[in-house]
Amino acid sequence: MATADQIVNAAVELGEQKSWEAVRLHDVATALGITLDDVRAHFREKEDIVDAWFERADSAMLRVAQAPNFCYLTPRQRLHRLIMAWLGSLYPYRRTTRQMIYGKLEPGHIHIQVPGLMHISRTVQWMREAAGRDATYFRRALEETGLTTIYLTAFIHWMNDNSAGAIRTSRFLDGCLAMAENLDRAIFTARRAGEGEGSEKAPQGT
């Protein structure tokens, strides 16, 4: 019986040959010489293959964090490398990946859009873990929102980037991360300054 990875590979290859919309699970089974029940043993539906495809990108991203020099990078460099690794793992099949995303966005697909949003949230959480981000409370919430926005914006940019090695996406992402870094610094430097002034003006206890 074929492995889950082989099923994903076959499905994505078929998507490249025609379109993701046109791929059927019986096509995947035929391509691998297995039965539909063999496919069902790993995936309950076609959308589960899409989830597995993006799980691969998550794994590729986390492997980057294991590099010996990763810990010496700045926080911004870490996030840039992680996001570009996530995108880079999908690059050879960008056309099919784009079609997967468009399929999720079709009206009436709430049943796959909600799990999709949850997957985005999980990816961002692993991204923060891999980058060593340790903000708490309000700063953590703001960071998560900002990083999710940057990640999704870079993803959309990447889907239509025909430059070699997605260099335009890389530059776009670096600009977004630089802007977020400056905003974070401005907000929390001002906040600390305000807290300091408040403590100086506080009445002394008797």
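Values in this document were obtained by computation on a predicted structure and should not be read as measured data.

Thresholds applied
- Residues numbered from 1 in each chain as written.
- Predicted model: local features only at pLDDT ≥ 70, side-chain atom pairs only at ≥ 80, totals over all residues.
- Heavy atoms only, no water.
- Helix = DSSP H or I, 4+ residues; strand = E, 2+ residues; numbered from the N terminus.
- Buried < 20%, exposed > 50% of the residue type's maximum accessible area, 1.4 Å probe, protein only.
- Contact = heavy atoms within 4.5 Å.
- Areas by Shrake-Rupley, 256 points an atom, 1.4 Å probe, with all protein chains shown as cover.
- Core = buried A, V, L, I, M, F, W, Y, C linked by side-chain atoms within 4.5 Å.
- Expected span 1.5 Å × (residues − 1).
- Salt bridge = Lys/Arg side-chain N within 4 Å of Asp/Glu carboxyl O.
- Axes fitted to C-alpha atoms, helices over the stretch in contact; angles between N-to-C directions.
- Parallel < 35°, antiparallel > 145°, perpendicular 65-115°, else oblique.
- Nonpolar A, V, L, I, M, F, W, Y, C, P; charged D, E, K, R; others polar.
- Left-handed = near helix turned anticlockwise from the far one by under 90°.
- Phe/Tyr/Trp six-rings, centres within 6.5 Å; stacked < 30°, edge-to-face > 60°.
- Lys NZ or Arg CZ within 6 Å of the ring centre and 35° of its normal.

(A) Broad picture of the overall build of the protein. Along the backbone of the protein there are nine helices and zero strands. Looking at the protein as a whole, 37% of its 206 residues are labelled buried. If you take every contact in the protein between residues at least 6 apart in sequence, the share linking residues at least 24 apart comes to 69%. Here the protein displays about 12100 Å² of accessible surface, and carbon together with sulfur accounts for 57% of that area.

(B) Fine view of the nonpolar core. Counting residues in hydrophobic clusters, the biggest one holds 47 residues, and the most contacted among them are Ile 7, Phe 54, Trp 86, Met 127 and Phe 155. Listing elements by their share of this core, those giving two or more residues are α1 (4–17), α2 (25–32), α4 (46–64), α5 (75–90), α6 (94–104), α7 (110–131), α8 (137–159) and α9 (167–201).

(C) Region of interest: α4. For α4, which comprises 19 residues, the first-to-last C-alpha distance of 29 Å matches the rise-based estimate of 27 Å (1.5 Å per residue) to within 8%. Along α4, the residues that are buried comprise Glu 47, Asp 48, Ile 49, Val 50, Trp 53, Phe 54, Ala 57, Asp 58, Ala 60 and Met 61.

(D) Local environment of the pattern of salt bridges. For the structure on display, the rule yields 15 salt bridges. Here Asp 37 makes a salt bridge to Arg 40, at a shortest N to O gap of 2.9 Å. Of the two residues, Asp 37 and Arg 40 are both situated in helix α3 (residues 36–40); the distance of three residues between them amounts to about one turn of the helix. Given the relative accessible area of 47%, Asp 37 is considered partly exposed. The residue Arg 139 makes a salt bridge to Asp 184 at a minimum N-O spacing of 2.6 Å. Of this pair, Arg 139 sits in helix α8 while Asp 184 sits in helix α9, and the two are 45 residues apart along the sequence.

(E) The packing of α1 against α4, seen in detail. Contact geometry for α1 and α4: axes closest at 10 Å, N-to-C directions at 105°. By the angle between their directions, the pair α1 and α4 is classed as roughly perpendicular. Note on element contacts: α4 touches α1 through Ile 49, Ala 52, Trp 53 and Arg 56, opposite Asp 5, Ile 7, Val 8, Asn 9, Ala 11 and Val 12. Tallied by class, residues from the contact of α1 with α4 come to seven nonpolar, one polar and two charged.

(F) Expanded view of the packing of α6 against α8. It is at 10 Å that the axes of α6 and α8 come closest, and there the two elements cross at 125°. Between α6 and α8, the crossing angle belongs to the class labelled oblique. Helix-helix and strand crossings are classified by hand; for α6 and α8 the assignment is left-handed. Listed contacts from α8 to Arg 94, Thr 97, Arg 98, Ile 101 and Tyr 102 of α6 are Phe 155, Trp 158 and Met 159.

(G) Seen up close, the side chain of Ser 170. Among the secondary structure elements, Ser 170 is positioned in helix α9. Classification of Ser 170 as buried rests on a relative accessible area of 16%. In contact with Ser 170, other than residues within four places in its own chain, are His 80 and Met 84.

(H) Just the packing of aromatic side chains, in detail. According to the stated counting rule, one finds seven aromatic pairs in the structure shown. Between Phe 54 and Phe 155 the ring centres are 6.3 Å apart and the planes differ by 80°, which places this aromatic pair in the edge-to-face class. Residue Phe 54 is found in helix α4, and its partner Phe 155 is found in helix α8; the two are separated by 101 residues along the sequence. By the burial criterion, Phe 54 is buried, and Phe 155 matches it. For the ring pair Trp 86 and Tyr 151, a centre distance of 5.2 Å and an interplane angle of 85° mean the geometry is edge-to-face. Taken as a pair, Trp 86 in helix α5 and Tyr 151 in helix α8 lie far apart in primary sequence, 65 residues in all. Tyr 151 matches Trp 86 in its accessibility class, with the two residues each being buried. Members of the aromatic cluster, joined through ring pairs, are Phe 54, Trp 86, Tyr 91, Tyr 151, Phe 155 and Trp 158. Above the plane of the ring of Trp 20 lies Lys 46, whose end atom (NZ or CZ) is 4.8 Å from the centre.

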